[in-house]
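Close look at the chain arrangement
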Amino acid sequence: MERTLVLIKPDAVKRQLTSKILARFEDKGLKIVGLKLMQLSKEKAMEHYAEHKKKPFFDNLVSFITSSPIVAIVLEGKDAVTVVRTMMGTTNPRDAAPGTIRGDFAMDLGRNVIHGSDSVYSAEREIKIFFEEDEVLEYERIIDRDIYENL
Ligand code: IDP
């Protein structure tokens, strides 16, 4: 099983889209193993988005993601990183396919409602920024055998 980090960004929290977005992941069969509402510090935001440090939109991105609470989530499942990226849709929501989260809920690059790790390596790095080890929990679901043919 793979784990990935999802952030419901400030725009989506304020638009009260949290439950709709969470429901999509639960309906898909992904398991929530970490979940919290938090206000991100500037330091953590800069660490999270370190790869974009030299980009012209970096300052706006950091100030936006720290502007009001986000919901941080760790999801677990087979190929969770790719599954979540596919469900999110393209970075620019105006290009995102209908049926994807960005395609259905967003209009602007700087207000694209959700973050999802782009690789297993990024996921491991990012989960550590947002969650202590004991905040990511293991538990069994009876439904697992109805979601996966082979466990
Ligand atoms: P991703 O969120 O789809 O993985 P990244 O390229 O990692 O996309 O960019 C991180 C975030 O930075 C995007 O989700 C978006 O909010 C913002 N962003 C990316 N490119 C631009 C841009 O050209 N202008 C403004 N904001 C951008």
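Just above, that's the structure.
Residues numbered from 1 in each chain as written. Predicted model: local features only at pLDDT ≥ 70, side-chain atom pairs only at ≥ 80, totals over all residues. Heavy atoms only, no water.

1. Topic: the packing of helix α2 (residues 18–28) against helix α5 (residues 80–88)
Two elements in contact, α2 and α5, have axes whose closest approach is 12 Å; the angle formed by their N-to-C orientations is 135°. Regarding the angle of α2 to α5, the classification is oblique. Considering only the axes of α2 and α5, their crossing is right-handed. Contact residues: Arg-24, Phe-25 and Lys-28 in α2; Val-83, Val-84 and Met-87 in α5. Class assignment for the residues of the contact of α2 with α5 results in 4 nonpolar, no polar and 2 charged. (Axes fitted to C-alpha atoms, helices over the stretch in contact; angles between N-to-C directions. Helix = DSSP H or I, 4+ residues; strand = E, 2+ residues; numbered from the N terminus. Parallel < 35°, antiparallel > 145°, perpendicular 65-115°, else oblique. Left-handed = near helix turned anticlockwise from the far one by under 90°. Contact = heavy atoms within 4.5 Å. Nonpolar A, V, L, I, M, F, W, Y, C, P; charged D, E, K, R; others polar.)

2. With respect to the packing of aromatic side chains
A full pass over the atoms with the stated rule returns 0 aromatic pairs. Sitting over the ring of Tyr-139, Lys-31 keeps its end group 4.8 Å from the ring centre. The ring of Phe-131 carries the charged tip of Lys-36 above its face, separated from the ring centre by 5.0 Å. (Phe/Tyr/Trp six-rings, centres within 6.5 Å; stacked < 30°, edge-to-face > 60°. Lys NZ or Arg CZ within 6 Å of the ring centre and 35° of its normal.)

3. Topic: the site of the ligand
Within the structure, the ligand sits among Lys-9, Tyr-49, His-52, Phe-57, Leu-61, Arg-85, Thr-91, Arg-102, Leu-109 and Asn-112. For the ligand, an oxygen atom lies 2.8 Å from a polar atom in the side chain of Arg-85. In isolation the ligand has 530 Å² of accessible area, and contact with the protein removes 75% of it. With respect to the pocket detection grid, the ligand is positioned in the largest pocket. (Near = heavy atom within 4 Å. Polar contact = N/O pair within 3.5 Å; in protein donor to acceptor, adjacent residues only side chain to side chain. Areas by Shrake-Rupley, 256 points an atom, 1.4 Å probe, with all protein chains shown as cover. 1 Å grid on protein atoms, 1.4 Å probe; cavity = no way out; pocket = protein on both sides within 12 Å on 5 of 7 lines; lining within 4 Å. Sits in = over half its atoms within 2 Å of the grid points.)

4. Structural notes on the pattern of salt bridges
Within the structure shown, the criterion is met by 6 salt bridges. Across the salt bridge formed by Glu-76 and Arg-3, the nearest N and O atoms sit 2.8 Å from each other. Pair noted here: Glu-76 is in strand β3 (residues 70–77) and Arg-3 is in strand β1 (residues 2–8), with a separation of 73 residues, a long-range link. The partner of Asp-108 in a salt bridge is Arg-94, with the nearest N and O atoms 2.9 Å apart. Separated by 14 residues along the polypeptide, Asp-108 in the loop between α6 (101–105) and β4 (114–116) and Arg-94 in the loop between α5 and α6 bring together distant segments of the chain. One continuous salt-bridge network, built from bridges that share partners, spans Arg-3, Lys-31 and Glu-76. (Salt bridge = Lys/Arg side-chain N within 4 Å of Asp/Glu carboxyl O.)

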